[in-house]
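# Coordinate inspection notes
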Amino acid sequence: MARSALREVHYRLAPPPAHKPAQLSLILSRAAPTATIETTVTHLDDEGDVWRTLTVRGDPDAIAAAATAFAGYTGPHLVEKEVMGATARRLILWYKYRPELVRGTSHTRLAFRLLGRDTVITDRARGGELEIQVLGRGGPKMQEFLREVKKASRELGFRMLYLGPPRDDRTLRLTPAEEETLRLAAALGYYAVPRRSGVREVAEKGGLSASAAGYRLRQAERKLVASFLE
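The structure displayed is predicted, hence computed values, not measured ones. (Residues numbered from 1 in each chain as written. Predicted model: local features only at pLDDT ≥ 70, side-chain atom pairs only at ≥ 80, totals over all residues. Heavy atoms only, no water.)

## Quick notes on the packing of helix H1 (residues 24-31) against helix H2 (residues 60-71)
Viewed as axis vectors pointing N to C, H1 and H2 meet at an angle of 135°, and their least axial separation amounts to 8 Å. Taken together, the axis directions place H1 and H2 in an arrangement best described as oblique. Between H1 and H2 the crossing geometry is right-handed. Across the interface between the two elements, Leu24, Leu28 and Ala31 of H1 pack against Ala65, Ala66, Ala69 and Phe70 of H2. When the residues that make up the contact of H1 with H2 are grouped by side-chain class, the tally is 7 nonpolar, no polar and no charged. (Axes fitted to C-alpha atoms, helices over the stretch in contact; angles between N-to-C directions. Helix = DSSP H or I, 4+ residues; strand = E, 2+ residues; numbered from the N terminus. Parallel < 35°, antiparallel > 145°, perpendicular 65-115°, else oblique. Left-handed = near helix turned anticlockwise from the far one by under 90°. Contact = heavy atoms within 4.5 Å. Nonpolar A, V, L, I, M, F, W, Y, C, P; charged D, E, K, R; others polar.)

Given below as structure tokens:
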């Protein structure tokens with residue numbers, strides 16, 4: 001795809017608590033609200049099945065809850081699933097499914113059908129909300145994709161975050177580790193006035209060295225400031 005023909009779509013789904021999600025990222029996020037779940041790879045194979053790889057990051061309790069939810073994840077759409085890696089603070093999950101059998105409208109199937117197999121689809125869930133980012137061809141098909149997504153997401157708290165040329169925001173995006181440490185620091189009162197904790201307290205609670213905690217906080221603060229000023 002020529003870069004000039006690309007468009008980036010970024011939107012958020014915030015379904016009400018009573019809603020039963022079909023998306024695995026949301027299911028895991030409901031089970032482990034403090035964890036960050038990211039889909040890093042989405043692939044459509046020649047048989048029409050979708051392969052996805054997810055990374056789950058969080059504290060040991062959140063990781064255990066996500067692992068339990070993944071173990072119980074099933075349905076007529078699911079072909080295979082596997083835990084590819086696991087530590088106390090991280091899971092790497094892989095699964096394959098038939099999108100036409102997904103309950104409701106599969107945004108992934110819709111994107112591949114309307115925008116082409118080379119469309120890039122990623123998502124990120126935390127606290128029961130899901131952000132989906134699609135990079136694909138612009139034009140009438142992109143507009144049709146958005147119309148269909150909005151229509152299918154009326155009860156899911158759909159909110160458009162960005163639509164336009166692709167943004168190269170990798171240098172401004174917080175890594176999961178930076179976000180985890182930033183959230184921990186905020187919870188401990190590191191950013192309160194007057195400050196209620198220091199880097200050493202954040203490091204101790206996060207299982208880090210003081211230098212690692214300080215580095216993560218500085219990087220996160222730098223990116224947030226740069227993004228705000230931009």
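Text resumes after the structure shown.
## Concerning the layout of surface pockets
Here the second largest pocket is characterised by a volume of approximately 500 Å³. If you trace the second largest pocket, you find 32 residues lining it, with Ala22, Gln23, Thr105, Ser106 and His107 closest to the centre. Grouping the amino acids of the lining of the second largest pocket by side-chain chemistry returns 15 nonpolar, 11 polar and 6 charged. (1 Å grid on protein atoms, 1.4 Å probe; cavity = no way out; pocket = protein on both sides within 12 Å on 5 of 7 lines; lining within 4 Å. Points joined across faces, edges and corners; volume = space filled by probe spheres on them.)

## Let's talk about the packing of aromatic side chains
The full count for this structure, using the stated rule, is 5 aromatic pairs. Taking the centre distance of 5.1 Å and the plane angle of 35° together, the rings of tyrosine 11 and phenylalanine 158 count as tilted. Within this pair, whereas tyrosine 11 is found in strand E1 (residues 6-13), its partner phenylalanine 158 is found in the loop between helix H4 (140-152) and strand E8 (159-164), the two being separated by 147 residues in sequence. Pairing tryptophan 51 with tryptophan 94 gives two aromatic rings, centres 5.4 Å apart and planes at 75°, and the pair type is edge-to-face. Placement of the pair is tryptophan 51 in strand E3 (residues 50-57) and tryptophan 94 in strand E5 (residues 90-97), with a sequence separation of 43 residues. For tryptophan 51, a relative accessible area of 32% corresponds to the partly exposed category. Residue tryptophan 94 is classed as buried on the basis of its relative accessible area, which comes to 12%. For lysine 81, the ring lying beneath its charged end belongs to phenylalanine 70, and the centroid distance is 5.3 Å. Here arginine 195 stacks its cationic end above the ring of tyrosine 190, 3.9 Å away from the centre of that ring. (Phe/Tyr/Trp six-rings, centres within 6.5 Å; stacked < 30°, edge-to-face > 60°. Buried < 20%, exposed > 50% of the residue type's maximum accessible area, 1.4 Å probe, protein only. Lys NZ or Arg CZ within 6 Å of the ring centre and 35° of its normal.)

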